[in-house]
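# Structural overview for review
What follows is each chain in one-letter form.
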Amino acid sequence: MRVFKAKYFPSLSFLKAKLGANPNYVRKSIYETQSAIARCARIHIGNGENTSVWRSPWLDKENGGLPYTPNPVNLINARVTSLFEVGGRVWDVGLVRDVSEGRDAVRILNIHLSNMNVEYGWKWILNSKEKFSIRNVYRAVCGEYLVQPNPLWNQIWSFNIPLHVRNFLWRVYLLTLDVLATRKVFIKGQCVVCDNGNETAMHLFYHCLLPKLVGRSWSLVLKDEKCSLISSICSFIWGDGRQQWIPSGSAWVKANVDTTMFANSGGVGLGIVVRDEEGRVIRARQVRLNGNYSPRTAEALGIREVLSWVKDVDKLIVESDAMEVVVEIRNQSLVASKFIVEDCANLTNQFSNILFLFVRRYVNQAAHVLA
């Protein structure tokens, strides 16, 4: 990509480049993606010194990432850093509300800021990891992000049951043998119960010999209340019910962290429970953060809060039920917009030994309840 930029757009940003006269096939092909990238790429704020408040795409999905507020003549060259408190990397709430309309003020204050002294980064807003890829550009150009989701998933997520039970149902329907075989996993897709057809979700709960013995598929004929009850029972028997939290042992301190999203009032709740090698609680904390964050960002902020708060131990194990965040902290090359992840990595230097582990939601219940 750097070679193409140096050759075709050497003196300006790709998002502001023009096609030019008599372009070749490569230049025209690259230029065709410009509108899709402009819709989906946003600046990830660093120190804000080179990001224009009014001309750079640094806000959320609305209005192409630009503010709705008309550009004041006396602030035409204002940079994002001018909206920070003096000497700090936090928003000056009063100033933000003075220079922007109400909806823009909310959009600005919902942006989390990193402690790293870097200019800026880029993030891809249509990807949960905010990571750019050629596949995502292709999907944006083809309009695949506009496709409506399968109503089955809406039914599963609408059940009034704990999140880990809903996740269990999702895995039951998604990870059948037929699906695994389709994804090139070396496994036979045939049902191992009746040996009569591939193990699809419909076969497993409707056509298979086992559900025929007890009647039609319970998920198709029972009311939501009974579906919720049976789902919880199945999850306890085959899913997370057999797992439990265990002490660390060997002088290690274990910290569990989880987050809760407040959809109605906005904001995020963080729950942190720290226990010694014998499982005794030595400290616990609940933190409330204002702003509308994505679940992934909220989980990363929770881990950063743990590392900032627990400083007087040598051996620390951090357990979280956010698998993607744990993997990214352990391998930062997997994520593009990684300011918060790098904050966590920098904070690990204060510990002699530290481990980041993924655990199931049921195992992380103490932190979840506290959040």
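Coordinates for the structure precede this section.
Residues numbered from 1 in each chain as written. Predicted model: local features only at pLDDT ≥ 70, side-chain atom pairs only at ≥ 80, totals over all residues. Heavy atoms only, no water.

## Description of the sheet that holds strand 4 (residues 268–275)
What counts here: Between any two strands, pairing holds if DSSP finds at least two bridges. For the purposes of this entry, the term helix denotes a DSSP run of H or I that reaches at least four residues, the term strand denotes a run of E that reaches at least two, and both are numbered from the N terminus. Under this scheme, a helix contributes an axis fitted over its contacting stretch, all axes are lines through C-alpha atoms, and angles between N-to-C directions fall in the 0 to 180 degree range. It only takes one pair of heavy atoms within 4.5 Å for two residues to be counted as in contact.
Reading across from one edge, 5-4-3-6-7 is the order of the five strands in this open sheet, with mixed pairing throughout. Sheet topology places strand 5 (281–289) and strand 7 (353–358) at the edges, where each strand pairs with a single neighbour. Strand-to-strand twist of the sheet, defined as the mean angle between neighbouring strand axes without regard to direction, takes the value 15 degrees. Pairing of strand 3 (residues 253–261) with strand 4, which is carried by eight bridges, proceeds in the antiparallel orientation. Paired with K254 across the two strands is R275, which belongs to strand 4. Against the sheet, helix 15 (residues 323–330) makes contact with strand 6 (315–320) and strand 7, and its axis sits at roughly 150 degrees relative to strand 7, the strand it touches most.

## Some remarks on the pairing of strand 1 (residues 41–45)
What counts is decided by this rule: Throughout, exposure labels follow a simple rule: accessible area from a 1.4 Å probe, protein chains only, divided by the maximum for the residue type, with under 20% read as buried, over 50% as exposed, and the rest as partly exposed.
Across the five residues that make up strand 1, a large majority, five, are buried. For strand 1 and strand 2 (residues 120–124), the ladder comprises five bridges, and the chain directions are antiparallel. Looking at the pairing, I43 lines up with W122 of strand 2.

## Examining helix 15
Put simply, the rule reads: When we speak of the arc, we mean the arc of directions from the helix axis to the C-beta atoms.
Along helix 15, the positions that sit buried rather than exposed are V325, V326, E328 and I329. Looking down the long axis of helix 15, one finds its buried residues gathered within 165 degrees of arc, a one-sided arrangement.

## Some remarks on the packing of aromatic side chains
Let me state the cut-off plainly: Stacked, edge-to-face and tilted are the three classes for Phe, Tyr and Trp ring pairs, Trp counted by its six-membered ring, which pair at centre distances within 6.5 Å; planes under 30 degrees apart are stacked, over 60 edge-to-face, the rest tilted. Any Lys NZ or Arg CZ found within 6 Å of a ring centre and within 35 degrees of that ring's normal is scored as a charge over the ring.
As enumerated under the stated definition, the model contains two aromatic pairs in all. Ring centres of F84 and W91 lie 5.2 Å apart, and the angle between their planes is 65 degrees; this geometry places the pair in the edge-to-face category. The exposure classification of F84 matches that of W91, with both residues buried. Members of the aromatic cluster, connected to one another through ring pairs, are W58, F84 and W91. One Lys or Arg, R275, reaches over the ring of W245 and ends 3.8 Å from the middle of that ring. One Lys or Arg, R283, reaches over the ring of W309 and ends 5.5 Å from the middle of that ring.

## Structural notes on helix 14 (residues 295–309)
Basically, it comes down to this: Every helix has an expected span of 1.5 Å times one less than the residues it contains.
Taking 1.5 Å per residue as the helical rise, helix 14 with its 15 residues ought to reach 21 Å, and the 21 Å between its terminal C-alpha atoms agrees with that figure. For helix 14, the buried fraction is high: twelve of the 15 residues fall into the buried class. For helix 14, the set of buried residues is R296, T297, A298, E299, A300, L301, G302, I303, R304, E305, V306 and L307.

## Topic: a nonpolar patch on the surface
Rule in force here: Residues enter patches when their relative accessible area tops 30% and they take part in no salt bridge; the joining distance is 9 Å for like charges and 5 Å for the nonpolar side chains Val, Leu, Ile, Met, Phe, Trp and Tyr. Residue-level accessible areas treat just the shown protein chains as cover; the underlying method is Shrake-Rupley with a 1.4 Å probe. We define a salt bridge as a side-chain nitrogen of Lys or Arg found within 4 Å of a carboxyl oxygen belonging to Asp or Glu.
A cluster of nonpolar side chains, namely F4, Y25 and V26, defines an oily patch on the protein surface of about 330 Å² accessible area. Looking at the secondary structure, you find F4 in helix 1 (residues 2–8). Residue classification places F4 among the partly exposed positions, given a relative accessible area of 38%.

## Thoughts on the packing of helix 14 against helix 15
The following threshold applies: What sets the label is the angle itself: under 35 degrees gives roughly parallel, over 145 gives roughly antiparallel, 65 to 115 gives roughly perpendicular, and the rest give oblique. Crossing handedness follows the turn of the near helix against the far one: under a right angle anticlockwise gives a left-handed crossing, and clockwise gives a right-handed one. Residue type decides the class: Asp, Glu, Lys and Arg count as charged, Ala, Val, Leu, Ile, Met, Phe, Trp, Tyr, Cys and Pro as nonpolar, and the leftover types, Gly among them, as polar.
Interaxial distance between helix 14 and helix 15 falls to 9 Å at its minimum, and their mutual angle equals 55 degrees. By the angle between their axes, helix 14 is oblique relative to helix 15. Relative to helix 15, the crossing made by helix 14 is right-handed. Here R296, E299, A300 and I303 of helix 14 lie close against helix 15, whose contacting residues are E324, V325, E328 and I329. Split by residue class, the contact of helix 14 with helix 15 holds four nonpolar, no polar and four charged.

## Here we look at the nonpolar core
We count it as follows: Remark: nonpolar core denotes a set of buried residues (Ala, Val, Leu, Ile, Met, Phe, Trp, Tyr, Cys) joined through side-chain atoms within 4.5 Å.
Ranked by size, the top nonpolar core spans 28 residues in total, and within it I303, V306, L307, L316, V318, I329 and F356 carry the most contacts. Of all elements in the fold, only strand 3, strand 4, helix 14, strand 6, helix 15 and helix 16 (339–347) reach the threshold of two or more residues within this core. Per-element accounting of this core gives the leading share, six residues, to helix 14. Those residues in contact with V318 that sit more than four places away from it in its chain are A255, V257, I303, V306, L307, I354, L355, F356 and L357. In terms of nonpolar packing, the next biggest core, distinct from the first, is built from 16 residues, L59, A78, L83 and I108 among them.

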